[in-house]
Amino acid sequence: MALSRAHRREDVNFWPGFVDALSTMLIGIVFLLTVFVLGQFFLSQELTGKDTALERLNKQISELTDLLALERSSNRQAQESLQLMQSTLAQTQGERSRLQGLLDTQQNGNAGAQFAETQKALENEKQLSARAQASVDLVNQQIAAMRRQLAALEEALAASEAKDRDSQTRIADLGSRLNVALAQRVQELARYRSDFFGRLRQVLGTRPDIRTVGDRFVFQSEIFFDAGQAVLKPEGQAELDKFATVLLDLAREMPPDLPWILRVDGHTDNRPIKTAQFPSNWYLSAARAIAVVEYLMSRGLPNDRVAATGFGEYQPLDLANTDEAHRRNRRIEFKITER
């Protein structure tokens, strides 16, 4: 017998330790990927709001550009009208000069009747010239006003473009800062969760009905509840006391602004249940999760740091239709995640 015990002590199996280390590494990788996806989701939400503001600015720039083009077209039309009036004024002044010359000739020839007629025509030409000059002055005033409006539009367009560039710069800076903050939060939460997993393993030991699956601690439902019931057994309360002690110690070390939460998930097997208290497995899984949450809160866990979720039979670990598969699928899972 002594030789047999000595032989068992020498035959050390390192495989469980290797699997545990590999699982921890996979947990960290999966957690980092999850937080990265969440960070990208929140960043996309933030950038969507910035894109909406940017789209509004671009629409305003487009409207200003259209208005500027309209003003430029009006300016060209006014320039053309001014050139036409100036040409008409030049023709009128030429005709006036011709009539004045004719008048001078008639005065020299003492042609009284023709002189009066020519004088009248000259007065008409003077009035026409005065009206043309007034029209030219009015057109010049309109052109000056259009130029002022054009300058104001160009200034507004330049300011809008500068604002657009500033918005783009701020969006890029916000994205960079958000990525840095998310990375820091991911590292911080990963460190505390790794510490929590390590402490909990030391407290709970290596029991076959308590195991780690991904980033969650999995307890078989038989630890806490009798079949078809949602009332905690005394031995289940004892296990939750250990769990609560480790979690509360870790919660005191976490920064108050770290948005962590303990999610308690209830799962059942696929065998149907229909009682007055539990019409389906949804009710049973949810009631068990709530019972665990209420007990943890009675041990001091803050109400805003815990959540209960019921999954019924729809998230099985084992798809086989055997008693062992049913036992594995009846479970309570604990997961530390972000709100």
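Counting of residues starts from 1 at the beginning of each chain's written sequence and follows it residue by residue. Per-residue local features of the predicted model are confined to residues with pLDDT of at least 70, and side-chain atom pairs are confined, for both listing and counting, to 80 or more; whole-chain, interface and lining totals are unaffected and use all residues. No hydrogens and no water enter the side-chain calculation; it runs on all heavy atoms of the structure.

As named in an unreviewed UniProt entry, the protein is Peptidoglycan -binding protein, taken from Bosea spartocytisi.

Take the pattern of salt bridges next. Counted as salt bridges are all cases of a side-chain nitrogen of Lys or Arg within 4 Å of a carboxyl oxygen of Asp or Glu. Inspection of the entire model under this criterion finds 13 salt bridges. Among the ionic pairs, Lys233 bridges to Glu235, the shortest N-O distance being 3.5 Å. Residue class for Glu235 comes out partly exposed when judged on its relative accessible area of 45%. A salt bridge links Arg330 to Asp269, with the nearest nitrogen and oxygen atoms 2.8 Å apart. In this pair, Arg330 is assigned in the loop between helix H7 (323–329) and strand E5 (331–338) and Asp269 in the loop between strand E3 (260–267) and helix H6 (281–298), connecting sequence segments 61 residues apart. Categorising residues by exposure relies on relative accessible area from a 1.4 Å probe, with only protein chains included: less than 20% of the type maximum marks a residue as buried, more than 50% marks it as exposed, and the intermediate range marks it as partly exposed. A run of DSSP states H or I qualifies as a helix once it reaches four residues; a run of E qualifies as a strand once it reaches two. Both are numbered from the N-terminal end.

Relative to the helices and strands, Ser221 resides in helix H4 (residues 221–224). Residues count as neighbours in contact if any of their non-hydrogen atoms are within 4.5 Å of one another. Setting aside chain neighbours within four positions, we find Ser221 in contact with His267, Arg288, Arg330, Arg331 and Ile332.

With that settled, the discussion passes to helix H5 (residues 234–253). Taking 1.5 Å as the rise per residue, H5 with 20 residues should run 28 Å; its terminal C-alpha atoms sit 29 Å apart, in good agreement. Along H5, the positions that sit buried rather than exposed are Gly236, Glu239, Leu240, Phe243, Ala244, Val246, Leu247, Leu248 and Leu250. Expected span of a helix, by definition, is 1.5 Å for each gap between consecutive residues, and there is one gap fewer than residues.

As recorded in UniProt, the feature "transmembrane region" (unreviewed entry) lies at residues 21–43. Within the segment residues 21–43, helix and strand shares are 100% and 0% respectively, and the terminal C-alpha atoms sit 33 Å apart. UniProt positions are given in the numbering used here, feature names are shortened, and annotations may be inferred rather than shown by experiment.

The method is simple in principle: a probe with the dimensions of a water molecule rolls over the atoms, and the space it marks as empty is what remains. Buriedness for pockets is judged along seven lines, at least five of which must meet protein on both sides within 12 Å for an open set on the 1 Å grid over protein atoms alone, while cavities are sets there where a 1.4 Å probe fits but cannot get out, and lining residues have an atom within 4 Å of a point. Grid points are joined across faces, edges and corners, and a volume is the space filled by probe spheres set on the points. For the coordinates displayed, the defined rule picks out one cavity of 30 Å³ or more. Counted as a void, the largest cavity has a volume near 40 Å³. Around the largest cavity, the lining residues are Phe31, Thr34, Val35, Leu38, Asp215, Lys335, Thr337 and Glu338. Secondary structure elements with two or more residues in the lining of the largest cavity: helix H2 (15–108) and E5. For the lining of the largest cavity, the element with the highest residue contribution is H2, accounting for four residues. All amino acids are sorted into three groups, where Ala, Val, Leu, Ile, Met, Phe, Trp, Tyr, Cys and Pro are nonpolar, Asp, Glu, Lys and Arg are charged, and the leftover types, Gly among them, are polar. Class assignment for the residues of the lining of the largest cavity results in three nonpolar, two polar and three charged.

Further remarks concern the pairing of E5. With seven of eight residues buried, E5 is to be regarded as a mostly interior element. Where strand E2 (residues 216–220) and E5 come together, four bridges link them in antiparallel fashion. Directly across from Phe217, in E5, lies its bridge partner Phe334. By the convention used here, strands pair only if DSSP detects at least 2 bridges between them.

What follows is about the nonpolar core. By size, the foremost hydrophobic cluster in this structure holds 28 residues, and its most contacted members are Leu262, Val264, Val292, Leu296 and Phe334. In contact with Leu262, other than residues within four places in its own chain, are Phe243, Leu247, Leu296, Leu301, Arg305, Val306, Ala307, Phe334, Lys335 and Ile336. Residues enter a nonpolar core if they are buried and are Ala, Val, Leu, Ile, Met, Phe, Trp, Tyr or Cys, with the set joined through side-chain atoms within 4.5 Å. If you look at the next biggest cluster of nonpolar residues, it comprises six residues, including Leu82, Val136, Val139 and Ile143.

For the rest of this paragraph, the subject is the packing of aromatic side chains. Geometry of aromatic contacts follows a simple scheme: Phe, Tyr and Trp rings, the Trp one being its six-membered ring, pair when their centres are within 6.5 Å, and the pair is stacked under 30 degrees between planes, edge-to-face over 60, tilted otherwise. Inspection of every chain in the model, using the stated rule, returns six aromatic pairs. For the pair Phe219 and Phe224, a centre-to-centre distance of 5.5 Å together with 40° between the ring planes defines the contact as tilted. This pair shows no difference in class: Phe219 is buried, exactly as Phe224 is. Among the aromatic side chains, those forming a connected cluster through ring pairs are Phe219, Phe224, Phe225, Phe243 and Phe334.

Turning next to the packing of H5 against H6. Contact geometry for H5 and H6: axes closest at 10 Å, N-to-C directions at 55°. The pairing of H5 with H6 is recorded here as oblique in orientation. Between H5 and H6 lies a crossing of right-handed hand. Here Gln237, Leu240, Asp241, Phe243 and Ala244 of H5 lie close against H6, whose contacting residues are Val292, Tyr295 and Leu296. Interaxial angles span 0 to 180 degrees and are taken between N-to-C directions of axes, which are lines fitted to C-alpha atoms, for helices over the stretch in contact. Geometric relationships in this document are graded by angle, where less than 35 degrees denotes roughly parallel, more than 145 denotes roughly antiparallel, 65 to 115 denotes roughly perpendicular, and other angles denote oblique. A crossing counts as left-handed when the near helix is turned anticlockwise from the far one by less than a right angle, and as right-handed when that turn is clockwise.

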